[in-house]
Amino acid sequence: AEVPVLCIDGPTASGKGTLAVAVAYQLGYHYLDSGTLYRVTGLAMRRNGLEADAAHEMQIAELARTLPLRFSEGKVLLSGEDVSDAIRTEAAGMDASRVSALPAVRKALLALQKSFRRLPGLVADGRDMGTVVFPDATLKVYLTASAAQRAERRHKQLISKGISTTLDGLRADLEARDLRDSSRSVAPLKPAPDARLLDNSLLSVEQSVEQVLAWWQEVQ
Ligand code: C5P
């Protein structure tokens, strides 16, 4: 039988990660945070002194294809080094967005993403899970929230980690990233035609989880 997949796509800081982790836990499924793969590729690009442009596209794609990546105890290891914090900065998010616009890089990460689809099932979050990576998913959710809400959440998240930022700066950053992600020519950020839209601006995490689990029941 085919392995069930639940996709959660949406813009930056819409709460995809929190929702996807909670739903995966409830269902006892595997979890793929596809953004991490682009973030690690961006970091590898920096460390190799490359720029995210067409001239370096093939080199960066090669880095992506051969990432010495491991996940262990909630940490992301690149060549054994814990890069969990390094890939979470705003600058790393911007680099991820830049490398992710390169078609060869997206192609290089495709097989790795598909390999996460294992029994008993997978919850995957990103920008193109429902449109490109798992077009035959059991359920596709497109998660949004207002830019103000998203900036505020990201702000709280960073403050709690002791990283100081301004709300205005964050909002400008995430709007710039969304614009690049939704206007690129390959796998742009957009809802799949068969996605269910969920605006969580006014919902608690628990309410969002409940909604997605209710939809999941519905499609069984
Ligand atoms: O989700 P996260 O913010 O970690 O993703 C970082 C960047 O990686 C996004 O801004 C986007 O450009 C890219 N990305 C993507 N496709 C995905 C997941 C992330 O292009 N499936």
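Small disclaimer: the values here were computed from a predicted structure and weren't measured.

1. Some thoughts on the overall build of the protein
Regarding its fold elements, the protein presents 10 helices and eight strands. At 17 Å, the protein has a C-alpha radius of gyration in line with the 17 Å of a compact globule built from 220 residues. Expressed as lengths along the three principal axes of its C-alpha atoms, the size of the protein is roughly 50 × 45 × 35 Å. Residues classed as buried in the protein amount to 48% of the 220 residues present. Sequence-distant contacts, at least 24 apart, represent 76% of the contacts inside the protein between residues at least 6 apart. Total accessible area computed for the protein in this model is approximately 10,700 Å², and 54% of it derives from carbon and sulfur atoms.

2. Some remarks on the pattern of salt bridges
According to the stated counting rule, one finds 16 salt bridges in the structure shown. Asp178 is the partner of Arg150 in a salt bridge, and the nearest nitrogen-oxygen pair spans 2.9 Å. Here Asp178 lies in helix H9 (residues 167–183) and Arg150 lies in helix H8 (residues 147–160), a separation of 28 residues in the sequence. Since its relative accessible area comes to 10%, Asp178 is described here as buried. Each member of the salt-bridge network shares a partner with another, and the members are Arg46, Glu51, Asp95 and Arg98.

3. Comments concerning the sheet that holds strand E5 (residues 81–82)
Sheet strands pair by backbone hydrogen bonding; their relative direction is either parallel or antiparallel. Strand order in the open sheet formed by three strands is E3-E4-E5, and the pairing between neighbours is antiparallel. Each having just a single partner strand, strand E3 (69–72) and E5 make up the two edges of the open sheet. Both E3 and strand E4 (residues 75–78) contribute to a ladder of four bridges, which runs antiparallel. The partner of Phe71 across the bridge, within E4, is Val76. Of the strands in this sheet, E3, E4 and E5 are in contact with helix H2 (residues 34–47), which crosses E4 at around 35°.

4. Details of the site of the ligand
Near the ligand lie 16 residues; those nearest to it are Arg39, Arg106, Asp128, Arg177 and Asp181. In this structure, Ser100 approaches the ligand through a side-chain N or O atom, which is 3.0 Å from an oxygen atom. Within the side chain of Arg177, one N or O atom sits 2.8 Å away from an oxygen atom of the ligand. Starting from 450 Å² of accessible surface for the ligand in isolation, the protein chains cover 97%.

5. Description of the nonpolar core
With 34 residues, the main nonpolar core has Leu32, Val105 and Phe134 as its most contacted residues. The dominant element in this core, judged by the number of residues it contributes, is H2, at six residues. When neighbours within four sequence positions are excluded, Leu32 is seen to be in contact with Leu37, Gln113, Phe116, Leu122, Val123, Ala124, Asp125, Met129 and Phe134. One finds Ala20, Val141, Val209 and Trp216 within the second-largest nonpolar core, a separate group that totals 16 residues.

6. Observations regarding the packing of aromatic side chains
Per the stated rule, a full pass over the model turns up two aromatic pairs. Between Tyr29 and Trp216, the aromatic rings sit 6.0 Å apart at their centres with planes inclined by 85°, giving edge-to-face as the arrangement. You can see Tyr29 sitting in the loop between helix H1 (16–27) and strand E2 (30–33) and its partner Trp216 sitting in helix H10 (residues 205–218), a full 187 residues away along the chain. Relative to Phe116, the ring of Phe71 lies with its centre 6.3 Å away and its plane at 75°, an arrangement referred to as edge-to-face. Of this pair, Phe71 sits in strand E3 while Phe116 sits in the loop between helix H6 (110–114) and strand E6 (122–126), and the two are 45 residues apart along the sequence.

7. Considerations on the packing of H8 against H9
Contact geometry for H8 and H9: axes closest at 9 Å, N-to-C directions at 120°. The angle between H8 and H9 falls in the class oblique. Seen from above, H8 lies across H9 with right-handed handedness. Counted together, Ala147, Ala148, Arg150, Ala151, Glu152, Arg154, His155 and Leu158 of H8 and Leu167, Leu170, Arg171, Leu174, Glu175, Arg177 and Asp178 of H9 form the full contact between these two elements. The residue makeup of the contact of H8 with H9, split by class, is seven nonpolar, one polar and seven charged.

Parameters at a glance
In every chain, residue numbers begin from 1 and rise along the written sequence. The predicted nature of this model means local features are confined to residues of pLDDT at least 70 and side-chain atom pairs, given and counted, to a pLDDT of 80 or more, with totals for whole chains, interfaces and linings taken over all residues. Remark: hydrogens and water are excluded; side-chain values derive from all non-hydrogen atoms of the structure. Under the DSSP-based scheme used, a helix requires at least four consecutive residues in state H or I and a strand at least two consecutive residues in state E, with every element numbered from the N terminus. For the radius of gyration, the atom set is restricted to C-alpha positions; the globular benchmark scales as 2.2 Å times the number of residues to the power 0.38. Buried residues are those whose accessible area, probed at 1.4 Å on protein chains only, stays under 20% of the maximum for their type, while exposed residues exceed 50% and partly exposed ones sit between those limits. Whether two residues are in contact is decided by their heavy atoms: any pair within 4.5 Å suffices. Only the protein chains shown count as covering a residue, and every accessible area follows the Shrake-Rupley method with a 1.4 Å probe. A carboxyl oxygen of Asp or Glu within 4 Å of a side-chain nitrogen of Lys or Arg is what we treat as a salt bridge. Following DSSP output, two strands are said to pair if at least two bridges run between them. Here, axes are lines fitted to C-alpha atoms. For helices the fit covers the stretch in contact, and angles between N-to-C directions go from 0 to 180 degrees. Residues are classed as near a molecule or strand on a simple rule: at least one heavy atom within 4 Å of it. By the criterion applied in these results, polar contacts are pairs of N or O atoms within 3.5 Å in which, for protein atoms, one can donate a hydrogen and the other can accept it, and in which residues neighboring in sequence qualify only through two side-chain atoms. In these notes, a set of buried Ala, Val, Leu, Ile, Met, Phe, Trp, Tyr and Cys residues joined through side-chain atoms within 4.5 Å is what counts as a nonpolar core. Any pair of Phe, Tyr and Trp rings, taking the six-membered ring for Trp, is counted once the centres come within 6.5 Å. Such a pair is stacked with planes under 30 degrees apart, edge-to-face with planes over 60 apart, and tilted for the rest. These descriptions rest on fixed angle ranges, namely under 35 degrees for roughly parallel, over 145 for roughly antiparallel, 65 to 115 for roughly perpendicular, and the rest for oblique. Handedness of a helix crossing follows the sense of rotation of the near helix relative to the far helix, less than a right angle counterclockwise being left-handed and clockwise being right-handed. Any residue that is not Ala, Val, Leu, Ile, Met, Phe, Trp, Tyr, Cys, Pro, Asp, Glu, Lys or Arg is counted as polar, Gly included; the first ten are nonpolar and the last four charged.

Structural measurements only, silent on function.
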